[in-house]
Amino acid sequence: MISSISQSYTPLWLQSSEIYVLILMLTAEYNMSSGFVEKALYYCEKSFKILDQSKGSGSKLLESMLFLLLEQSVMCNLVKGHTSTAIRQVYQIWEECEKRPAEDFHQHRASVHSLLALYAVTVEHFEQAVGHFKAALKLSMSVEQKLFLTINLVLLYLSLRTNERNYDAELGSNIGKLQELQAENTNRVLETATCAVLGYYSSKTGNFQSAKALLRKAAQSATNLGCNSLQAFTFLVLGSQYHSEGTGNNMMDMVKPAHDVSALGPNVSMQLWAVQLQAELLHRTNETASLENIQQQARKLSSDLEKENRAAMLLPQHALIQHVTNLPSESALPSDESKHSTSQDSVKSHPSPLPAHEPKQQPRISESIDHRQVLAQQQRQQQQQQQL
């Protein structure tokens, strides 16, 4: 038996650089899922240094881990509110994909669209975000990735609800998909996130008892899993629920721990949400001294985030979010003469980012946009303006 195993088994020997990067990547992923994005970024940066030193080694494993590390770094920077760094790294992923065979890039298209969608949400370009989420869902193959995208799409639609438009049709469709995917899912973190989002949806649609039950279940699961961001989210939704019911003490019991947990990351959006809720409660109870301090925190967080978002939107790499359907990735697919597109003209005229309907024709790779030329031109224009 032992001899038969030894004859058929071929061990995979890893280089020292591959082992180091693998360990660092797993450590970064653990910290990111736990909500410690500062630590996760630290391990990502250490990995990038080793990857730079190992350039030219020809290791396919290192190439694959580079993509994963860049994706982790983008998401961590978005959570911290470093949107400028995030969009630069998304563009770096796109560049890395373009260097490789079309088949390889086709595998990463869903991830590129996902990251662009998350970035678009952060800078409040919601139409582009919806477009990229839908594009990523069409390309996703795994249940986990589809569930992650559907969770974020539901959250986006819930945030866009107004008196003029409630997005009931879109929400109903995606809630149904969420429940279908959850039945096939085996990831406990995504299971907890789904429970939290369903609780948030119930809260937003007036089913308060169901909301409380789902959110408490999600909060307990997030605590057991050590997912700080999920824990903070469930606490904040529960705090909002108690605020709408007028139970201030229960609200503060939820919001203050959420603020403390989100500060560990740090998670800027969660922190801002928490201090805004605290400010509303303190204003209601006329606690002037505490209110002034909380309002100052809210203004600083909001100002810093707005400043960072404005800086990101001025970068030439920001133009990537406009290209919902024409990322240069069609060489992996069969093409014919009927698929020709004037995508170069669309860049010059800067069309509406999200068309009213999905285009019937996709551009071929020969017609795809050369983003580096566009970025170089925009950079030259910025330099000329600075000189003037």
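The rules behind the values
- Residues numbered from 1 in each chain as written.
- Predicted model: local features only at pLDDT ≥ 70, side-chain atom pairs only at ≥ 80, totals over all residues.
- Heavy atoms only, no water.
- Helix = DSSP H or I, 4+ residues; strand = E, 2+ residues; numbered from the N terminus.
- Buried < 20%, exposed > 50% of the residue type's maximum accessible area, 1.4 Å probe, protein only.
- Contact = heavy atoms within 4.5 Å.
- Areas by Shrake-Rupley, 256 points an atom, 1.4 Å probe, with all protein chains shown as cover.
- Expected span 1.5 Å × (residues − 1).
- Salt bridge = Lys/Arg side-chain N within 4 Å of Asp/Glu carboxyl O.
- Axes fitted to C-alpha atoms, helices over the stretch in contact; angles between N-to-C directions.
- Parallel < 35°, antiparallel > 145°, perpendicular 65-115°, else oblique.
- Left-handed = near helix turned anticlockwise from the far one by under 90°.
- Nonpolar A, V, L, I, M, F, W, Y, C, P; charged D, E, K, R; others polar.
- Phe/Tyr/Trp six-rings, centres within 6.5 Å; stacked < 30°, edge-to-face > 60°.
- Lys NZ or Arg CZ within 6 Å of the ring centre and 35° of its normal.
- Disulfide = S-S within 2.5 Å.

1. Here's the deal with the overall build of the chain
Piece 1. Counting secondary structure elements, the chain contains 17 helices and 0 strands.
Piece 2. In the chain, buried positions account for 46% of the 388 residues.
Piece 3. For the chain, restricting intrachain contacts to residue pairs at least 6 apart in sequence, the fraction spanning at least 24 positions comes to 66%.
Piece 4. Of the roughly 20800 Å² that the chain leaves accessible, carbon and sulfur atoms contribute 52%.

2. Some thoughts on helix α4 (residues 60-80)
Piece 1. Spanning 21 residues, α4 covers 31 Å between terminal C-alpha atoms, matching the ideal 30 Å at 1.5 Å per step.
Piece 2. Once α4 ends, the next one or two residues include Gly-81, with phi positive near 90°.

3. Looking at the pattern of salt bridges
Piece 1. One pass over the full model with this rule turns up 5 salt bridges.
Piece 2. For the salt bridge of Asp-52 with Lys-55, the shortest nitrogen-to-oxygen distance reads 3.9 Å.
Piece 3. When its relative accessible area of 48% is taken as the criterion, Asp-52 is described as partly exposed.
Piece 4. According to the relative accessible area criterion, Lys-55 is exposed, its value standing at 66%.
Piece 5. Taking the shortest distance from any N to any O, the salt bridge between Asp-304 and Lys-300 comes out at 2.9 Å. In this pair, Asp-304 and Lys-300 both sit in helix α15 (residues 288-314), 4 residues apart, roughly one turn of the helix.

4. Description of the packing of helix α2 (residues 16-34) against α4
Pairs of packed helices are described in terms of their axes, by the angle between the two and the distance that separates them.
Piece 1. Contact geometry of α2 with α4 gives a least axis separation of 10 Å together with a crossing angle of 25°. By the criterion of interaxial angle, the relationship of α2 to α4 is roughly parallel. When you trace α2 past α4, the crossing you get is left-handed. Here α2 contributes Ser-17, Glu-18, Val-21, Leu-22, Met-25, Ala-28, Glu-29 and Met-32 to the contact with α4, which in turn contributes Leu-61, Leu-62, Met-65, Leu-68, Leu-69, Gln-72, Met-75 and Cys-76.
Piece 2. Of the residues contributing to the contact of α2 with α4, the split by class is 12 nonpolar, 2 polar and 2 charged.

5. Some remarks on unusual backbone geometry
Piece 1. Although it is not a glycine, Glu-124 sits at a positive phi angle of roughly 65°.
Piece 2. Here Glu-124 lies in the loop between α6 (102-122) and α7 (126-139).

6. What to know about the side chain of Ser-111
Piece 1. For Ser-111, the location among the structural elements is in helix α6.
Piece 2. When its relative accessible area of 15% is taken as the criterion, Ser-111 is described as buried.
Piece 3. Once residues lying within four places of it in the same chain are set aside, the contact partners of Ser-111 are Glu-71 and Gln-145.

7. So, the packing of aromatic side chains
Piece 1. One pass over the full model with this rule turns up 6 aromatic pairs.
Piece 2. Look at Tyr-42 and Tyr-43: their rings are 5.2 Å apart centre to centre, the planes differ by 75°, and that puts the pair in the edge-to-face class.
Piece 3. Under the relative-accessibility criterion, Tyr-43 is labelled partly exposed at 24%.
Piece 4. Through a chain of ring-to-ring contacts, the aromatic side chains of Tyr-200, Phe-233 and Trp-273 assemble into a single cluster.
Piece 5. Over the face of the ring belonging to Phe-36 we find Lys-39, whose NZ or CZ atom lies 5.2 Å from the ring centre.

8. Considerations on the environment of Phe-235
Piece 1. With respect to the helices and strands, Phe-235 occurs in helix α12 (residues 228-245).
Piece 2. Apart from residues no more than four positions distant in its own chain, Phe-235 is found in contact with Ala-219, Met-254, Pro-257 and Ala-258.

9. Details of the state of the cysteines
Piece 1. Scanning the model with the defined rule gives 0 disulfides in all.
Piece 2. The cysteine Cys-76 is free of any disulfide, with Cys-44 supplying the nearest cysteine sulfur at 5.8 Å.
Piece 3. On the basis of relative accessibility, which here comes to 0%, the residue Cys-76 falls in the buried class.

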